[in-house]
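# Chains, contacts and geometry: an overview
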Amino acid sequence: MVPFGWLYGLVLTPLGHAISWVYRVVLTPMGRGVGWLLWAVFVWPWVTLWRYVAAPVLRYGLVVPAVWLYRHLLAPLAVLLLVVPAVWLHRTVLAPLGRAALVVLREIGAALGHAWRIGGFVSRAVGRGLKWLVWNLAGRPLRWAYATLLAPVGHWVRDAVL
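Heads up: these notes are all about the structure in this document. (Residues numbered from 1 in each chain as written. Predicted model: local features only at pLDDT ≥ 70, side-chain atom pairs only at ≥ 80, totals over all residues. Heavy atoms only, no water.)

The number of helices and strands found in the chain is one helix and zero strands. The C-alpha atoms of the chain give 55 Å as radius of gyration, which overshoots the globular expectation for 162 residues (15 Å, by more than 25%). Dimensions of the chain along its principal axes, counting C-alpha atoms only, are 145 × 80 × 10 Å. For the chain, buried positions account for 2% of its 162 residues. Total accessible area computed for the chain in this model is approximately 14400 Å², and 78% of it derives from carbon and sulfur atoms. (Helix = DSSP H or I, 4+ residues; strand = E, 2+ residues; numbered from the N terminus. Rg over C-alpha atoms; globule rule 2.2 N^0.38 Å. Buried < 20%, exposed > 50% of the residue type's maximum accessible area, 1.4 Å probe, protein only. Areas by Shrake-Rupley, 256 points an atom, 1.4 Å probe, with all protein chains shown as cover.)

The residue Gly31 is located in helix H1 (residues 2-161) in this model. The class for Gly31 is partly exposed, based on a relative accessible area of 42%. Considered as a pair, Gly31 and Gly120 are 89 residues apart in the sequence and their alpha carbons are 100 Å apart.

Let us look at H1. Helix length check: H1, at 160 residues, gives a terminal C-alpha distance of 141 Å against a target of 238 Å (1.5 Å per residue), a shortfall beyond 12%. The largest bend along H1 reaches roughly 45° and is located at Trp135. Looking only at H1, the buried set comprises Ala55, Ala95, Gly139 and Ala151. (Expected span 1.5 Å × (residues − 1). Bend = angle between axes of the 7 residues up to and from the residue.)

Our focus in this paragraph is the pattern of salt bridges. Evaluated as defined, the whole model comprises one salt bridge. The salt bridge partner of Asp159 is Arg158, with a shortest N-O separation of 3.2 Å. Overall, the relative accessible area of 55% leaves Asp159 in the exposed class. Assessed through its relative accessible area of 47%, Arg158 is described here as partly exposed. (Salt bridge = Lys/Arg side-chain N within 4 Å of Asp/Glu carboxyl O.)

With that out of the way, let us pick up the environment of Ala115. Among the structural elements, Ala115 can be located in helix H1. For Ala115 and Ala138, which are 23 residues apart along the polypeptide, the C-alpha to C-alpha distance reads 33 Å.

As structure tokens, then:
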């Protein structure tokens, strides 16, 4: 085991420290420099071109005229062609029709209420008439038959037979 300990302590540990030093002192700054160089060569020109050339051209060449066109031509034209006729239609046609429809519906509701009350009076009168008719056609004769025929026969059976 002693030779492996010497190998580790005298060869492998200094070699690891040397590799670590080369990585830290040489490779990392070189990688950062290469990354910065690649950024400067490939990315930064495109960012600069977009920021200072393409975006202002698009913004002031397309967006600003489009906004101006919308504000000064399309929006007033839409108001003139769509909103003004719609407001006129609503004020002169739809609102009076709606008010008239509400009046008609209110009158129909009142007429239905009167018809409901009249139907109640009629059904109550028909019910009273049916009650009177049933009483005079069936109730009165049955009451007379019970009082004059069945009750005396029942009393005779009770007194004489039982």
